[in-house]
Amino acid sequence: MSIPLGVLDLVPIPSGSTAADALHNSVELARQAEHLGYSRHWFAEHHLNPGVAGTSPAVVLALTAAATSTIRLGSGAVQLGHRTALSTVEEFGLLDAVYPGRLDLGLGRSGGSPRTGKGTGAESAASPPGRHRTPNGLLIPERFSFENLLGSPRIALQRTLLQLPGAQSQEYGEQIADILALLEGTYRSPDGVEAHVVPGEGAEVEVWILGSSGGRSAEVAGARGLRFAANYHVSPATVLEAVEGYRAHFRPSRFLDEPYVSVSADVVVADDEAAARELAAGYGPWVRSIRTAEGAIEYPTPRQARAYEWTDADRALVRDRLDTQFVGSPARVADQLEQLQEATHADELLVTTITHDHADRVRSYALLAEEWHRRGHLPKPE
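Parameters at a glance
Residues numbered from 1 in each chain as written. Predicted model: local features only at pLDDT ≥ 70, side-chain atom pairs only at ≥ 80, totals over all residues. Heavy atoms only, no water. Patch = residues over 30% accessible without salt bridge, like charges linked within 9 Å, V, L, I, M, F, W, Y side chains within 5 Å. Areas by Shrake-Rupley, 256 points an atom, 1.4 Å probe, with all protein chains shown as cover. Salt bridge = Lys/Arg side-chain N within 4 Å of Asp/Glu carboxyl O. Helix = DSSP H or I, 4+ residues; strand = E, 2+ residues; numbered from the N terminus. Buried < 20%, exposed > 50% of the residue type's maximum accessible area, 1.4 Å probe, protein only. Phe/Tyr/Trp six-rings, centres within 6.5 Å; stacked < 30°, edge-to-face > 60°.

J.: Lay out a nonpolar patch on the surface in plain terms, naming residues and giving numbers.
T.: Where nonpolar side chains cluster on the molecular surface, the patch consists of L48, L157 and L161 and spans about 290 Å² of accessible area. Mapped onto the elements of the fold, L161 is located in helix α6 (residues 153-162). On the basis of relative accessible area, L161 is assigned to the exposed category, the value being 58%.

J.: Got a sec to walk through the packing of aromatic side chains? Specific residues and values, please.
T.: Think of a pair of aromatic rings as described by two things: how far the centres are apart, and how the planes are tilted against each other in angle. Applying the stated criterion across every chain yields a total of 10 aromatic pairs. Taking 5.6 Å as the distance between ring centres and 85° as the angle between the ring planes, the aromatic pair formed by Y38 and Y365 counts as edge-to-face. Of this pair, Y38 sits in the loop between α1 (19-36) and β2 (40-43) while Y365 is found in helix α15 (residues 358-374), placing the two residues 327 residues apart along the sequence. No difference in accessibility class separates Y38 from Y365, as the two residues are buried. When the centroid spacing of 5.0 Å and the interplanar angle of 85° are considered together, the rings of F144 and F146 count as edge-to-face. Given the relative accessible area of 24%, F146 is considered partly exposed.

J.: Give me the lowdown on unusual backbone geometry, citing residues and values where you can.
T.: Residues G76 and A77 are joined by a peptide bond in cis, for which omega reads 15°. One can find A77 in the loop between β3 (72-75) and β4 (78-79). For the peptide bond that leads from V198 to P199, omega is -10°, which places it in the cis range. Tracing the sequence through the fold places P199 in the loop between α7 (172-184) and β8 (206-211). One non-glycine residue, V11, lies in positive phi territory at about 55°. Position of V11 relative to the elements: it lies in the loop between β1 (5-9) and α1. Look at L48: it is not a glycine, yet its phi comes out positive at around 55°. Tracing the backbone through its elements, the reader meets L48 in the loop between β2 and α2 (57-65).

Written out as structure tokens, the structure is:
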């Protein structure tokens, strides 16, 4: 069974290095991912994080496209809460004009538009409350509440700095409709005025919606017949409701005849579990820095991570993410990814790996690709 693997890259900054180092590392990782047979390389968008350099997916995509030739490149995701449909289509239209047919336009809600937490009803059937396992053994942890993050002064400042004074985010479904219309050349204002984006109209971009729950993002993706990416690595407790919500709302479109889902996972691979655990040691303090709303810290070395003094509150804050990170030998991690795919019925998997040393990160992806090829999920790279 073919199960493509993609890369989700946050452009992490290891401690002791710079944003420039991180960007060079991510471009090099994309080159390696292309050679190893990964199907996609996506860049996330994050702001005001000392340890993350991926602030503008379109800019990083331009740098990476020039250094690669065949791998699909995309955003995971453009944060529409502080952007307009026009600016988004123009940016990706410019990229597609130079690198046609290689771009994925991944769209997300965050970045100015507060989440409501409203679900679709799919969650009660797909994901019962509390920590449990699916019939095939995939861990679904207890839900993490993002209320502390959404109410933090730092997140409020981020919204203030990202948006113009007095600006209001467009309703998400309407914004997606405008993006599709601008790409297709069918946009009309309420007064009937046409708008044609050059470059942008007719761009060969593949549109994806990213979501962490069965709420508005899953609903819009399904209703529009678009591809959907669910985040096991961000919100593992709600991955089942996300994919089920999307499928429940899916309607065939000119893009798809049936639902198409990618699911992400945090992964670290090494020759054996002990070595992998050592490489993954910095993950806990790094996630803690995000969950406390201080912003992602520079990714620590294993030694720095071991020196961190944990409280019970700290452990509770990151438990769901630590328990659902796939860490170990190539065979062990591949088993866990197969389990994730089986539980979610994903068409593709998206892997995100962070280690302090760039060479260890590249090798993690290489070891996983080799095992994935061995199992027949990917064709051998030329």
